[in-house]
Amino acid sequence: MTRIVVVGSINMDLVTLAPRFPGPGETLLGSRFLTAHGGKGANQAVAAARLGASVSMVGALGRDAFGDQLYQGLAKEGIDLAHVARLEDEGSGSASITVAEGENQIIVVPAANARVTPTQVEAARDAIRHADAVLVQLEIPLDTVEAALRLGRRESVPVILNPAPAQKLPAEWLSLASHLTPNQHELATALSADAVTDFRELMRRAHCPVVLTRGGEGAWYCDDTHPAPAHQPGFAVAAIDTTGAGDTFNGALAVFLHEGLPQAVRKACAAAALSVTKLGAQGGMPQQAELDAFLTDRSRA
Ligand code: RIB
Ligand code: NA
């Protein structure tokens, strides 16, 4: 069984569906409101668990109602929560999300996620040592992200760095990650690079495979055997909510990495496509059988 450790955020998503995005000072009538379990770390953990991986999560929640619900949700997915701290004096992370015109806008309040510590990463050392891959994003403190990158390097375990949400990365991190998975915006921010044209430059600096996600257009990737960026086209679906598509991609990529990058990217694109057909970041994330059926169906078409 593939073993994955996710070091990252857990949020309650407060999702509002609206006909369009409001302007400053404007009040709009929306059509629906729901709470949904989210956070980039938790989403990636759930994506990997549904695809059959044994997943352990390192993170933090408040001891509040959202924290209880989020904890139970992750436990129900079979995710090991021994390294998820429950903080007495801090609330759980939240994300206020507006979905309109097939796009989303998100404001994240990190709360407990801002207190995921390097010490927690060290405490998860055994899980990390035995993992096939570690996933980390940027919704937790950067010194904790760095601790995960360094521990992975020390234990020779691949660490996939998903540089989301976008921010500039310390240059030395590029040689610590085993894979980088930015979208176009994150690539530009993280490295002040221009998407596909600067792929080679990024590769040269990163010393690791890079996978650029491009929403419905699929993904571009390069590694030692594909020094020129290769394209995996996206799978056409009727998109309801694209929130969490990137997280689904990353979770799936980690699970299938051992099948080689082209196959892992293909499966990750398919998993992400399925995820956008249902509301909520974790809604629509496929189980293994569902992904297999979708891929069989699409390769016949
Ligand atoms: O990537 C999607 C996630 O970003 C949402 O679930 C939200 O919680 C924010 O963290
Ligand atoms: Na979804």
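Residue indices follow the written sequence of each chain, beginning from 1 at its first position. Ligands are numbered from 1 and chains lettered from A, in the order in which they are written. Reporting of local features is limited, given that this is a predicted model, to residues whose pLDDT is at least 70; pairs of side-chain atoms are given and counted only at 80 or more, and all residues count toward the totals for whole chains, interfaces and linings. Think of the side-chain values as coming from all heavy atoms in the structure, minus any hydrogens and water.

In summary, soluble globular proteins display a tendency toward joint burial of nonpolar side chains. If you look at the biggest cluster of nonpolar residues, it comprises 49 residues, and the most contacted ones within it are Ile 4, Val 55, Ile 79, Phe 249, Leu 253 and Val 265. Any two residues whose heavy atoms approach within 4.5 Å are treated as being in contact. Those residues in contact with Ile 4 that lie beyond four places of it in its chain are Ala 48, Ala 53, Ser 54, Val 55, Ser 56, Ala 133, Leu 135, Ala 254 and Val 255. Nine residue types can take part in a nonpolar core, namely buried Ala, Val, Leu, Ile, Met, Phe, Trp, Tyr and Cys, and a core is a set of them joined through side-chain atoms within 4.5 Å. Three exposure classes are used, based on accessible area relative to the maximum for each residue type with a 1.4 Å probe and protein chains only: buried under 20%, partly exposed in between, and exposed over 50%. Listed in part, the 33 residues of the second largest apolar core include Val 7, Val 116, Leu 169 and Cys 222.

UniProt positions are given in the numbering used here, feature names are shortened, and annotations may be inferred rather than shown by experiment. When the UniProt feature table is mapped to this numbering, "binding site: ATP" (unreviewed entry) covers Asn 183, Thr 213, Arg 214, Gly 215, Gly 216, Glu 217, Gly 218, Gly 246 and Asp 247. Think of it this way: any DSSP run of H or I at least four residues long counts as a helix, any run of E at least two long counts as a strand, and we number them from the N terminus. Structurally, Thr 213 is set in strand E11 (residues 210–213). With residues up to four places along the chain from it excluded, the contact list for Thr 213 reads Pro 182, Asn 183, Gln 184, Gly 218, Ala 219 and Phe 249. Residue position: Arg 214 is located in the loop between E11 and strand E12 (219–223). For Arg 214, a relative accessible area of 23% corresponds to the partly exposed category. Polar contact criterion, stated in full: a pair of N or O atoms within 3.5 Å, where within protein one must be able to donate a hydrogen and the other to accept it, and residues adjacent in sequence count only if both atoms are side-chain atoms. A polar side-chain atom of Arg 214 sits 3.2 Å from a polar atom in the side chain of Gln 184.

With that settled, consider the site of ligand 1. We call a residue near a given molecule or strand whenever any one of its heavy atoms falls within 4 Å of it. Around ligand 1 sit Asn 11, Asp 13, Gly 38, Gly 39, Lys 40, Asn 43, Ala 95, Val 108, Glu 139, Gly 244, Asp 247 and Ala 281, and that is every residue in its neighbourhood. Lys 40 has a polar side-chain atom sitting 2.7 Å from an oxygen atom of ligand 1. Contact distances for ligand 1 include 3.0 Å between an oxygen atom and a side-chain N or O atom of Asn 43. When ligand 1 sits alone it has 280 Å² of accessible area, and the protein chains cover 96% of it. The set of elements that each furnish at least two residues to the shell around ligand 1 consists of strand E2 (11–17) and helix H1 (40–50). Residues are sorted three ways: Asp, Glu, Lys and Arg are charged, Ala, Val, Leu, Ile, Met, Phe, Trp, Tyr, Cys and Pro are nonpolar, and all the rest, Gly among them, are polar. Counted by class, the shell around ligand 1 contains three nonpolar, five polar and four charged residues. What sets the accessible areas is the Shrake-Rupley method with a 1.4 Å probe; for residues, cover comes only from the shown protein chains.

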